[in-house]
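# Structural overview
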Amino acid sequence: MQKIIDYKTHFSNRSIFYFLIFITLALFSFSALLETHPHNDGAGFDGLFYRDVAQSFLSTIKTEGYDSFRIHRIFPFFVLNLIFSWCSIETNNTNLMYGIYFFHYINLFIQFLFFFKIAKFLKWTHSTKLILFSCLFFNYFNLKNSPYEPFQTDAFAISLSFISYYYILCKKTFLSLFFSILAFITLPLTAFLNIILLLFSQPKNKNLKAYSVPLFKLLPSLYLGAVFLILLLIKLFKNENTLNILLLSNASKFFFISNAFLTTIFLYCIMKKAQINKIPHYKSFFFQFSIKNLFLFLSPFILTKFILSFYTNSNYYYDPSLFLSLIILRPLKYPLIFLVNHITYWGILAILVILFFNSFYKNFIRISTGHYLVFFVFLFFSLDSESRHILSFLPFIFSALGYTLNELKISKKALSFLVVFQVILSHFYIPINKEGTLKAMQEGDFFTFPAQWYFMNFGPWLHTKSYLFWATISFFSIVFVYFLIKKTPRWPRRLD
């Protein structure tokens, strides 16, 4: 009798996920069919370059080559070009749009597959899987931005992040390296994080005494110090308007500095709550460091970089050092803009990380010393208000939250509310292509509506009115999720 009941429960649980997969595909198709980017015949802004890769990769790579920044971001668009060439399909804009959407559907099924593989490997409960499934698939990026701007590497980078991380968890080094190489030409940060995990794959040595360092004081102070150092350099070597240009804002210096202090206080509070005050003994890293492993793990990336150098031209597109400086500066534009944009972009995922930050931190670093290092890289990138830049960390975030959520016994009612609320926060239903959108984009009028509906996922380009709108939504979202958790009888009274 018990086996029959378990079988029915198992069948019911699987049916729920089949239904959620159907909803994901339906909502993705809804956005793809009803709206296309009005700029560059559906390719958008950055997407124009990647569509050109899909259109003329074979001829361009032999003659002109690509700049050093974007040559590391051309997968899978060159694959699309190769397939079209082999099949003698004309690479016009319409055919390429069909082709890239076909790739996106394949990509979604790959994400479904490896989500459940990781869920099974980490032994997530049914409620944990439901919450994390909704966090991964029912968000602004997946249901609105990705189908709206199909010629972007981000969606495929997420898949490669989950695939390579799954094989790292399974200790299948060759497979993790193979998919890390693909990530190296899709979104290099994913590959760099994988190298850290492979080099420092052993758990922290519990027999070695950790150093007591008040990181909850040190790291916020380092952030504030970095802000003032950059401001000093701008004042010494640039003109007074440089900061306003970088932040796309005309606010006063006092406003920017106030936001820097507010960000510092926020970092201090969440890290104090997590009691981040120790670092592993240096021998925890030294004992597992191997010159042989360093050579084995780095060789394929060095070889790939060497091969790419023959097809890299001298054109300048983007300076990575400027990008790192912007991560530090972007929180200055509006109060806690990074938090607002993470909620706007990823939904309740950001809220759950904040509410459970104590256990989230402990579960993040529990697997290995490599995860410990990656956690602090994640903290740095989470300051960026252009929230798509943390997508390489999604597998780590899901793994850490999975351990936390497994300890909770959530009611079906609260679980349903969380999933539905995540769908609502995805904003997939907000039309972007309103009258005047194309004209505004062509004229560079990004800070007025309707263009601001497009830029709602890009913190640096938010207008004050847009920020206040999304900040209000974020505030009430945090309150709703908090009280939903606190008022649910089957949830523990302490959040962490």
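Here, every reference points to the structure presented above.
Residue numbering note: each chain is counted from 1, following its sequence as written. Thresholds applied to this predicted model are a pLDDT of at least 70 for local features of residues and 80 or more for the giving and counting of side-chain atom pairs; totals over whole chains, interfaces and linings are not thresholded and use all residues. Excluded from the side-chain calculation are hydrogens and water; included are all heavy atoms of the structure.

### Quick notes on unusual backbone geometry
We count it as follows: Secondary structure elements are defined from DSSP: runs of H or I of at least 4 residues count as helices, runs of E of at least 2 residues count as strands, and each element is numbered from the N terminus. For each residue, the accessible area found with a 1.4 Å probe, counting protein chains only, is set against the maximum for its type, and the residue is called buried under 20%, exposed over 50%, and partly exposed in between.
Here the bond from phenylalanine 75 into proline 76 is cis, since omega is 10°, no more than 30 degrees from zero. Mapped onto the elements of the fold, proline 76 is located in the loop between helix H2 (47-63) and helix H3 (77-86). Even without being a glycine, glutamine 275 presents a positive backbone phi close to 55°. You can see glutamine 275 is positioned in the loop between helix H12 (253-273) and strand E2 (278-279). Look at glutamine 275 and you get exposed, because its relative accessible area is 53%.

### Here we look at the side chain of serine 134
Basically, it comes down to this: When checking whether two residues touch, look at their non-hydrogen atoms; a contact exists if any pair is within 4.5 Å.
Tracing the sequence through the fold places serine 134 in helix H5 (residues 126-137). Serine 134 sits in the buried class, given a relative accessible area of 1%. Excluding residues within four positions of it along the chain, serine 134 makes contact with Asn139, Val419 and Gln422.

### Observations concerning helix H8 (residues 173-184)
The condition is simple: Helix span, as expected, comes to 1.5 Å for every residue beyond the first.
With twelve residues, H8 should reach 16 Å at 1.5 Å per residue; the first-to-last C-alpha distance of 16 Å fits that figure. Elements that come into contact with the buried residues of H8 comprise helix H7 (154-169), helix H9 (188-199) and helix H14 (291-309).

### Considerations on the nonpolar core
Here is the rule: We call a set of buried residues a nonpolar core when its members are Ala, Val, Leu, Ile, Met, Phe, Trp, Tyr or Cys and they connect through side-chain atoms within 4.5 Å of each other.
By size, the foremost hydrophobic cluster in this structure holds 169 residues, and its most contacted members are Phe360, Phe375, Phe393, Leu394, Ile397 and Phe398. It is H7 that contributes the most residues to this core, twelve residues altogether. In this structure, leucine 394 is in contact with Leu136, Ile158, Phe162, Trp346 and Leu349, ignoring residues within four places of it in sequence.

### Considering the packing of aromatic side chains
What counts here: Stacked, edge-to-face and tilted labels apply to pairs of Phe, Tyr and Trp rings (six-membered ring for Trp) whose centres lie within 6.5 Å, assigned for plane angles under 30 degrees, over 60, and everything in between, in that order. In this analysis the charged atom, NZ for Lys or CZ for Arg, is taken to sit over a ring once it is within 6 Å of the ring centre and within 35 degrees of the ring normal.
With the rule as written, the count across this model stands at 63 aromatic pairs. Look at phenylalanine 306 and phenylalanine 310: their rings are 5.0 Å apart centre to centre, the planes differ by 85°, and that puts the pair in the edge-to-face class. Taking NZ or CZ as reference, arginine 70 lies 3.9 Å from the ring centre of phenylalanine 49, over its face. The ring of phenylalanine 114 is capped by lysine 117, whose NZ or CZ atom sits 6.0 Å from the centre of that ring.

Shape descriptors only; they carry no functional weight alone.
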